[in-house]
Number of protein chains: 2
Amino acid sequence: MNTYTAANPSTGDAREHFKMAVSVDCVIFGWEDETLKVLLLPSLEPEHQGCWMLPGDTVQPEETLSSAAWRVLAPHAAFSGLELEQVHAFGTVHRHPVGSLVSVAYYSLVNAAQAPFKGTLRWHSLKRLPNLLPYHKEMLDTCYRRLQHKVIDGPIGIDLLPEKFSLRTLQHLYETILDVKLDRRNFRKKFFNMDILVDLNEEEDSVPHRPARLYKFDAGKYDLRTKKTLGF
Amino acid sequence: MNTYTAANPSTGDAREHFKMAVSVDCVIFGWEDETLKVLLLPSLEPEHQGCWMLPGDTVQPEETLSSAAWRVLAPHAAFSGLELEQVHAFGTVHRHPVGSLVSVAYYSLVNAAQAPFKGTLRWHSLKRLPNLLPYHKEMLDTCYRRLQHKVIDGPIGIDLLPEKFSLRTLQHLYETILDVKLDRRNFRKKFFNMDILVDLNEEEDSVPHRPARLYKFDAGKYDLRTKKTLGF
DNA sequence: ACAAAAGTGTTGACGTTACACCCATGG
DNA sequence: CCATGGGTGTAACGTCAACACTTTTGT
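Quick notes on the rules
Residues numbered from 1 in each chain as written. Chains lettered and ligands numbered in written order. Predicted model: local features only at pLDDT ≥ 70, side-chain atom pairs only at ≥ 80, totals over all residues. Heavy atoms only, no water. Helix = DSSP H or I, 4+ residues; strand = E, 2+ residues; numbered from the N terminus. Buried < 20%, exposed > 50% of the residue type's maximum accessible area, 1.4 Å probe, protein only. Contact = heavy atoms within 4.5 Å. Areas by Shrake-Rupley, 256 points an atom, 1.4 Å probe, with all protein chains shown as cover. Patch = residues over 30% accessible without salt bridge, like charges linked within 9 Å, V, L, I, M, F, W, Y side chains within 5 Å. Salt bridge = Lys/Arg side-chain N within 4 Å of Asp/Glu carboxyl O. Lys, Arg positive; Asp, Glu negative; His and termini not counted. Charge placed at Lys NZ, Arg CZ, Asp CG, Glu CD. Pairing = 2+ DSSP bridges. Expected span 1.5 Å × (residues − 1). Axes fitted to C-alpha atoms, helices over the stretch in contact; angles between N-to-C directions. Parallel < 35°, antiparallel > 145°, perpendicular 65-115°, else oblique. Left-handed = near helix turned anticlockwise from the far one by under 90°. Near = heavy atom within 4 Å. Polar contact = N/O pair within 3.5 Å; in protein donor to acceptor, adjacent residues only side chain to side chain. Phe/Tyr/Trp six-rings, centres within 6.5 Å; stacked < 30°, edge-to-face > 60°. Nonpolar A, V, L, I, M, F, W, Y, C, P; charged D, E, K, R; others polar.

Visitor: I'm lost on the overall build of chain A in this one. Help?
Guide: A count of helical and extended segments in chain A gives 5 helices and 9 strands. Along the chain direction, N to C, the helices and strands of chain A fall in the order β-β-β-β-α-β-β-β-α-α-α-β-β-α. Taken over 232 residues, chain A has a buried fraction of 50%. Counting contacts in chain A only where the partners sit at least 6 residues apart, residues at least 24 apart contribute 63% of the total. About 11600 Å² of surface is accessible on chain A, with carbon and sulfur atoms providing 50% of the total.

See below:
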C-alpha cells in the first residue's frame, strides 16, 4: 500500500483502519478555598486499585472531539459556560489488550465552588495529588504547563473569584498557579495598568488587619486583554 | 454505562470502542529559493479530483503518534534529523462512511533543498497553494500559525540557510514566515544582541550592489536561545 | 552617474525588577 | 502595643519602534 494514500481509508479495505479507540480526557482545574485543585474520579480498573483518573470517555463516531469533552462534563450544570481548550493528543502503544488508544487532553479552569461534583468525582488539591494512572499524570502535567503559560499572556480570574475581591486574593491566585512569589507593588502596577479592574470603593470587613479595598473586573476591558497579538 | 468509566475499554465490550481511525498528517514547511513552501501530494480520492493533500497515514496499533509521523517521512533521507512537533488533533463527524477519523497534525520546518521529494510529493509555495482537501487546509492554517509563533519566541534559521549567509537572507526568512516587513536596523540589533551569529569576515561575491558580510550560527549559543523561560 | 542594497545610532515609550517605609485594623 | 497584612514611589535596566544618511559595488 502506498504510504501516502493510506490516510484515505476509502482506499483498500477501509475497515482495516478503524481499529483504534480515541478518548478525550478532561483536566479541569478548579479554584476553591484559595487552592488550585483538579477534578478526578477513582479508577475502577482492578490492576490500578487506589488510582484516580481524569474524567473522560471514548469518542463516539457521530461526535467531534470537543463535543465528546463537553458530554463528559455535561452532568455538571455549573460547567455550562465552560471553555475547554485542547492541549495535546497522547498515543500509547498497546495501552489496552484489544487495541491502541489515543487520548486527547482538554483543559479548563473553573470556580470549583460553583461546580459541585457528582457521582464519584472529587476535587483534589494539586499539592496533594493521589496516585493517578501513569498516562493521566502525564496529561495533567502537560495541561498544568499550558495553564501556567495561559496565565502569563493574558488575565485570568474572572469567573474564578467572587464578584468583589481584594488584590491580595487575586495575587494569591497567580502565585498559586505559577507556583512563585510575586512582588506586591509590581503586581498591583501590572493589573492597574491593564485597566481591567474597577475600584468599588469598598473595603473588607472583619479581618484581623487593615482591610483591603475591593475590586471587580470590567468585563469588557477584560475580554479585550485576552486577545492575542503577533508582535515581532 | 457510566460516562466516566467508559474511557476504560476493558469495561464492557471493549471492541465496541475500537472503531475509530487515527491518522497523522504532516505539515512540512520548506525553505528554498527564498520561498516558504509546504510538502503536498495529489489526492487520489475521486470526489476530490485535482485536490492536493498533506502526507499522512493511519496510525498502526503498535506505534505511537510521533513514530507514525516519522514513518510517513522516513523515505526522505534528508528528514532524518527532523524535529516534528504535534500541533492539534482534528476530529470530524463521519468524514468517511465507514467510521470516524481523527487526524493529528504535526509540523516541521526544513531546508527544502536538502529534502528532495520522491513519489508524487511536491513542494508548493505557500503563496500559490493548489486546492487542498478542506480539512487539510484547516490543518495547514493552524500549523502555519504555530510556525509564526515559534519564530517569534526563539531563533530559527539554522538548518535552513546555507552555512554562510548574509543578514539580508536571514531577515528575508523572517519576513516571509511572519508575512510582514521588518526594519533592517532593528532586525540586526536583535540578532546581534542574541549573540548567536559569528562574523566570518567574508563578503558576498558577484552581487550587483555592495556585498554583504557573511555570518554563520554559533550552534551552542543558538541552542541556548531555544530554551523557553517562564517569566512573569 | 546611477541603481541597488549594505551598513550604521539615537531617541522615546514602555514594561520589568528591585527595593523600604508608613498605615489601618483586631486582638 | 503588637501582629498582620494594606498601601505606596522611584530608579535602573532592557526591549522595542521609529527614523535618514552615507558607503560600496556593478553596470
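Visitor: Would you take a moment to explain a positive patch on the surface for this structure?
Guide: Residues and elements named next belong to chain A. Where like charges cluster on the molecular surface, the positive patch consists of Arg184, Arg185, Arg188, Lys189 and Arg210. Locating Arg188 in the fold gives a position in helix H4 (residues 184-194). You can call Arg188 partly exposed: its relative accessible area is 34%.

Visitor: Which parts of the structure should I look at to understand the pairing of strand E6 (residues 99-111) of chain B?
Guide: Working note: regular strand, side chains alternate between the two faces of the sheet. Residues and elements named next belong to chain B. Taken across its 13 residues, E6 has 13 buried, putting it largely inside the fold. Where strand E1 (residues 21-32) lies against E6, 11 bridges are found, and the strand directions are parallel. Among the inter-strand pairings, Ser23 is bridged to a residue of E6, identified as Ser103.

Visitor: Looking at this structure, I do not really get helix H2 (residues 134-152) of chain A. What am I missing?
Guide: In an α-helix, one full turn covers 3.6 residues, which means residues spaced three or four apart are oriented alike. Taking 1.5 Å per residue as the helical rise, H2 of chain A with its 19 residues ought to reach 27 Å, and the 28 Å between its terminal C-alpha atoms agrees with that figure. Of the residues making up H2 of chain A, those classed as buried are Tyr135, His136, Met139, Leu140, Thr142, Cys143, Tyr144, Leu147, Gln148 and Val151 of chain A.

Visitor: What's the story with the packing of H2 of chain A against helix H3 (residues 167-178) of chain A in this structure? I'm lost.
Guide: Two quantities define a packed helix pair, namely the angle between the helix axes and the distance between the axes. All names here are of chain A. Between H2 and H3, the shortest axis-to-axis distance is 9 Å and the interhelical angle comes to 140 degrees. The angle between the axes of H2 and H3 places the two elements in the oblique class. Of the two elements, H2 crosses H3, and the hand of that crossing is left-handed. Each of Tyr144, Leu147, Gln148, Val151 and Ile152 in H2 lies in contact with H3, whose residues at this interface are Tyr174, Thr176, Ile177 and Leu178.

Visitor: Hey, could you run me through the protein's contact with DNA strand D in this one?
Guide: Around DNA strand D, the surrounding shell holds 21 residues, and the nearest of these are Arg168, Arg184, Arg188, Lys189 and Arg213 of chain A. Each atom of DNA strand D within 4 Å of the protein was assigned to sugar, phosphate or base; sugar and phosphate come to 41%. At a separation of 2.4 Å, a phosphate oxygen of DNA strand D approaches a polar side-chain atom of Arg188 of chain A. With respect to DNA strand D, the backbone of Arg213 of chain A contributes an N or O atom lying 2.6 Å from a phosphate oxygen. Sorting the residues of the surface near DNA strand D by element identifies H4 of chain A together with helix H4 (184-194) of chain B as the ones contributing at least two each.

Visitor: Please clarify how the packing of aromatic side chains should be interpreted in this entry.
Guide: Centre distance and the angle of the planes are the two values used to describe a pair of aromatic rings. All names here are of chain A. Here the structure, examined in full by the defined rule, presents 16 aromatic pairs over all chains. Between Phe29 and Tyr107, the aromatic rings sit 6.3 Å apart at their centres with planes inclined by 65 degrees, giving edge-to-face as the arrangement. Here Phe29, found in strand E1 (residues 21-32), pairs with Tyr107, found in strand E6 (residues 99-111); they are 78 residues apart in sequence, far enough to count as distant. Of the two residues examined, Phe29 and Tyr107, each falls in the buried class.

Visitor: Teacher, can you tell me more about the environment of Val22 of chain A here?
Guide: Mapping Val22 of chain A onto the fold places it in strand E1. Between the C-alpha atom of Val22 of chain A and that of Val102 of chain A, which follows or precedes it by 80 residues, the distance is 4.8 Å. In contact with Val22 of chain A, other than residues within four places in its own chain, are Asp57, Thr58, Val59, Leu65, Leu101, Val102 and Val104 of chain A together with Met20, Val22 and Val102 of chain B.

Visitor: Before we go on, may I ask you to explain the protein's contact with DNA strand C in this structure?
Guide: In the vicinity of DNA strand C, 21 residues are found, and the nearest of them are Arg168, Arg184, Arg188, Lys189 and Arg213 of chain B. The sugar-phosphate portion of DNA strand C accounts for 44% of its atoms within 4 Å of the protein, the bases making up the rest. In the environment of DNA strand C, a base oxygen lies 3.3 Å from a nitrogen or oxygen atom belonging to the side chain of Arg210 of chain A. At 2.6 Å, a backbone N or O of Arg213 of chain B approaches a phosphate oxygen of DNA strand C. Contributing elements (two or more residues each) for the surface near DNA strand C: H4 of chain A together with H4 of chain B. A class-by-class count of the residues in the surface near DNA strand C yields 6 nonpolar, 3 polar and 12 charged.

Visitor: Even after reading the chapter, I still don't get the side chain of Ser103 of chain B, so can you show me in this structure?
Guide: Residue and element names in this part refer to chain B. Within the secondary structure, Ser103 sits in strand E6. Within the local environment of Ser103, its side chain forms a polar contact with the side chain of Ser23, the two groups lying 3.1 Å apart. A distance of 3.4 Å separates the side chain of Ser103 from the side chain of Asp25, its partner in a polar contact.

Visitor: What's the story with the side chain of Thr169 of chain A in this structure? I'm lost.
Guide: Residues and elements named next belong to chain A. Position of Thr169 among the secondary structure elements: in helix H3. With relative accessibility at 13%, the residue Thr169 sits in the buried group. A distance of 2.9 Å separates polar atoms of two side chains, one belonging to Thr169 and the other to Ser166. For Thr169, the contacting residues outside a window of four places in its chain are Glu34 and Leu161.

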